[in-house]
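Residues per chain, in single letters:
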Amino acid sequence: MARCLVTGGAGFIGSHLAGRLLDGGHDVVVLDNLSTGRKSNLDRLIDHPRLRFVSGSITDPLAAAEAARGAEAIYHLAAAVGVKLVADDPVRTIETNIYPTDQLLRLAVQSGTKFFLASTSEVFGKNPKDRWNEEDDLQFGPTSRPRWAYGASKAIDEFLALAYHQQFGLPVVIGRFFNVVGPRQVGDYGMVIPRFVGQALRGEPLVVYDDGKQERCFAHVSEVVECIVSLMETPGAAGQVFNIGGDEPISMRQLAEEIVRRTGSASKVVFRPYDEAYGHRFEDVRRRVPDVSRLERTIGRKPSLPLGEILDDVIRATRETIAESE
Ligand code: NAD
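Residues numbered from 1 in each chain as written. Predicted model: local features only at pLDDT ≥ 70, side-chain atom pairs only at ≥ 80, totals over all residues. Heavy atoms only, no water.

Observations regarding the pattern of salt bridges
Here comes step 1: This model, assessed by the stated rule, comprises 23 salt bridges.
Here comes step 2: Its salt-bridge partner being Arg 294, residue Glu 135 comes within 2.6 Å of it at the nearest N-O pair. Of this pair, Glu 135 sits in the loop between strand E5 (114-120) and helix H6 (149-168) while Arg 294 sits in helix H11 (residues 293-299), placing them 159 residues apart in sequence.
Here comes step 3: The partner of Arg 316 in a salt bridge is Asp 313, and the shortest N-O contact between them spans 2.5 Å. Of this pair, Arg 316 and Asp 313 both sit in helix H12 (residues 307-325), 3 residues apart, which is roughly one turn of the helix.
Here comes step 4: Residue classification places Arg 316 among the partly exposed residues on the basis of a relative accessible area of 40%.
Here comes step 5: Residues joined in a network through salt bridges with shared partners are Glu 122, Arg 147, Arg 216, Asp 284 and Arg 288. (Salt bridge = Lys/Arg side-chain N within 4 Å of Asp/Glu carboxyl O. Helix = DSSP H or I, 4+ residues; strand = E, 2+ residues; numbered from the N terminus. Buried < 20%, exposed > 50% of the residue type's maximum accessible area, 1.4 Å probe, protein only.)

So, the layout of surface pockets
Here comes step 1: There is about 740 Å³ of room inside the second largest pocket.
Here comes step 2: Along its surface, the second largest pocket is lined by 26 residues, and Arg 38, Arg 184, Ala 317, Thr 318 and Thr 321 are the ones closest to its centre.
Here comes step 3: Secondary structure elements with two or more residues in the lining of the second largest pocket: helix H7 (192-201) and H12.
Here comes step 4: In terms of residues, the lining of the second largest pocket owes the most to one element, H12, which gives 9 residues. (1 Å grid on protein atoms, 1.4 Å probe; cavity = no way out; pocket = protein on both sides within 12 Å on 5 of 7 lines; lining within 4 Å. Points joined across faces, edges and corners; volume = space filled by probe spheres on them.)

A look at the site of the ligand
Here comes step 1: Near the ligand there are 28 residues, and of these Phe 12, Asp 32, Thr 36, Tyr 150 and Lys 154 occur at the shortest range.
Here comes step 2: A distance of 2.7 Å separates an oxygen atom of the ligand from a polar atom in the backbone of Phe 12.
Here comes step 3: The side chain of Tyr 150 places a nitrogen or oxygen atom 2.6 Å from an oxygen atom of the ligand.
Here comes step 4: Summarising the interface, the protein chains cover 94% of the accessible area of the ligand, which totals 820 Å² for the free molecule.
Here comes step 5: Those elements that place two or more of their residues in the shell around the ligand are helix H1 (12-23), E5 and H6. (Near = heavy atom within 4 Å. Polar contact = N/O pair within 3.5 Å; in protein donor to acceptor, adjacent residues only side chain to side chain. Areas by Shrake-Rupley, 256 points an atom, 1.4 Å probe, with all protein chains shown as cover.)

Regarding H7
Here comes step 1: Extensive coverage of H7 is indicated by the burial of 9 of its 10 residues.
Here comes step 2: The first or second residue beyond H7 is Gly 203, which carries a positive phi of 75°.

Description of the packing of aromatic side chains
Here comes step 1: As enumerated under the stated definition, the model contains 7 aromatic pairs in all.
Here comes step 2: Here Phe 140 and Trp 148 contribute two aromatic rings whose centre-to-centre distance is 6.4 Å and whose plane-to-plane angle is 55°, an arrangement assigned as tilted.
Here comes step 3: The exposure class assigned to Phe 140 is partly exposed, which follows from its relative accessible area of 29%.
Here comes step 4: By relative accessible area, Trp 148 is classed as buried at 3%.
Here comes step 5: Residues Tyr 164 and Phe 168 carry aromatic rings whose centres are separated by 5.7 Å and whose planes lie at 40° to one another, so their mutual orientation is tilted. Here Tyr 164 pairs with Phe 168, and both are found in helix H6, just 4 residues apart, close to one helical turn.
Here comes step 6: One aromatic cluster is present, built from ring pairs that chain together Tyr 75, Phe 116 and Phe 177.
Here comes step 7: Between Arg 147 and the ring centre of Trp 148, over which it is positioned, the NZ or CZ distance is 4.4 Å.
Here comes step 8: Between the NZ or CZ atom of Arg 176 and the centre of the ring of Phe 124, over which it lies, the distance is 4.8 Å. (Phe/Tyr/Trp six-rings, centres within 6.5 Å; stacked < 30°, edge-to-face > 60°. Lys NZ or Arg CZ within 6 Å of the ring centre and 35° of its normal.)

Thoughts on the side chain of Asp 157
Here comes step 1: For Asp 157, the location among the structural elements is in helix H6.
Here comes step 2: Buried charge without a partner: Asp 157 forms no salt bridge, and the closest opposite charge is Lys 154, 4.9 Å away.
Here comes step 3: Dropping the residues within four chain positions of it, Asp 157 is found in contact with Asn 97, Ile 98, Thr 101 and Leu 117. (Lys, Arg positive; Asp, Glu negative; His and termini not counted. Contact = heavy atoms within 4.5 Å.)

Printed below as a string of structure tokens:
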């Protein structure tokens, strides 16, 4: 059993990953500054004898080095996340998403530590292909639009991780997540399913941006976490990039209608221009669908839970959270 560091382990995906690693018998150190994560995400785990929670920032080199000491695997998930947060604070995005990744990779090289890098489908930018595979081109918009800073920062992380693999043999695995959803995700940073479910359960209109024909795919966090763990246990995965996501697209309009139906809400679905949420120079990506054949070939699985079951789980968890807060 290994000692693992999970940066961003108090976040949505990180807390599920920390739980899965503890269940697998590993020792887990979580390093998180609780900027978008919450200590309560770790409530179920906090008294676990093999968990250590460190409140600190990956931008603090001493805190990062101390948390990584003795780790045999680093799962690097801490980042400035979400298109909205990134568009609002581009300096923080670059400081959080680039320099600390380099430092953690250097620490990993010194001790031969396995490394998982959480990347994102945003690295494909606005590539017009119907289905993206890992070798497709990255197509960002101009640097005058901060919206692209998130994907570009994660692309630099990928270059760094692959460089450390190539030059120093560091066993790195890069996972490009496509819209991961499930309990504990919050809608505050532009994440669509928690936002729609919250609006439906509060009886508010579900606000769909633009014409609602944009298409996305969704994967349940429990399946994504299984993929991460399997990839880290598969030696042949080292040095490669993997799309990790569901591969059945749905339009945002259909998604909103499905959530209204499944919650039994009386809410209406309304349409608004992007400007209202993201400012007037916002550019969106119309369709974002992964080719997950490399993932399936390498670990023999891909996220496949049907969207209906994913939505029911999020609706159930959101109802519980609302009931607890009343
Ligand atoms: P999240 O906001 O819940 O998790 C990020 C965590 O990182 C939070 O707990 C936050 O407090 C922590 N963090 C941020 N800055 C930090 C810092 N300077 N020092 C220490 N901790 C810091 O978001 P998430 O959805 O769980 O995302 C996890 C990772 O997955 C991120 O790297 C994100 O880019 C990536 N990702 C997520 C999705 C998705 O659909 N959720 C999609 C693509 C990529």
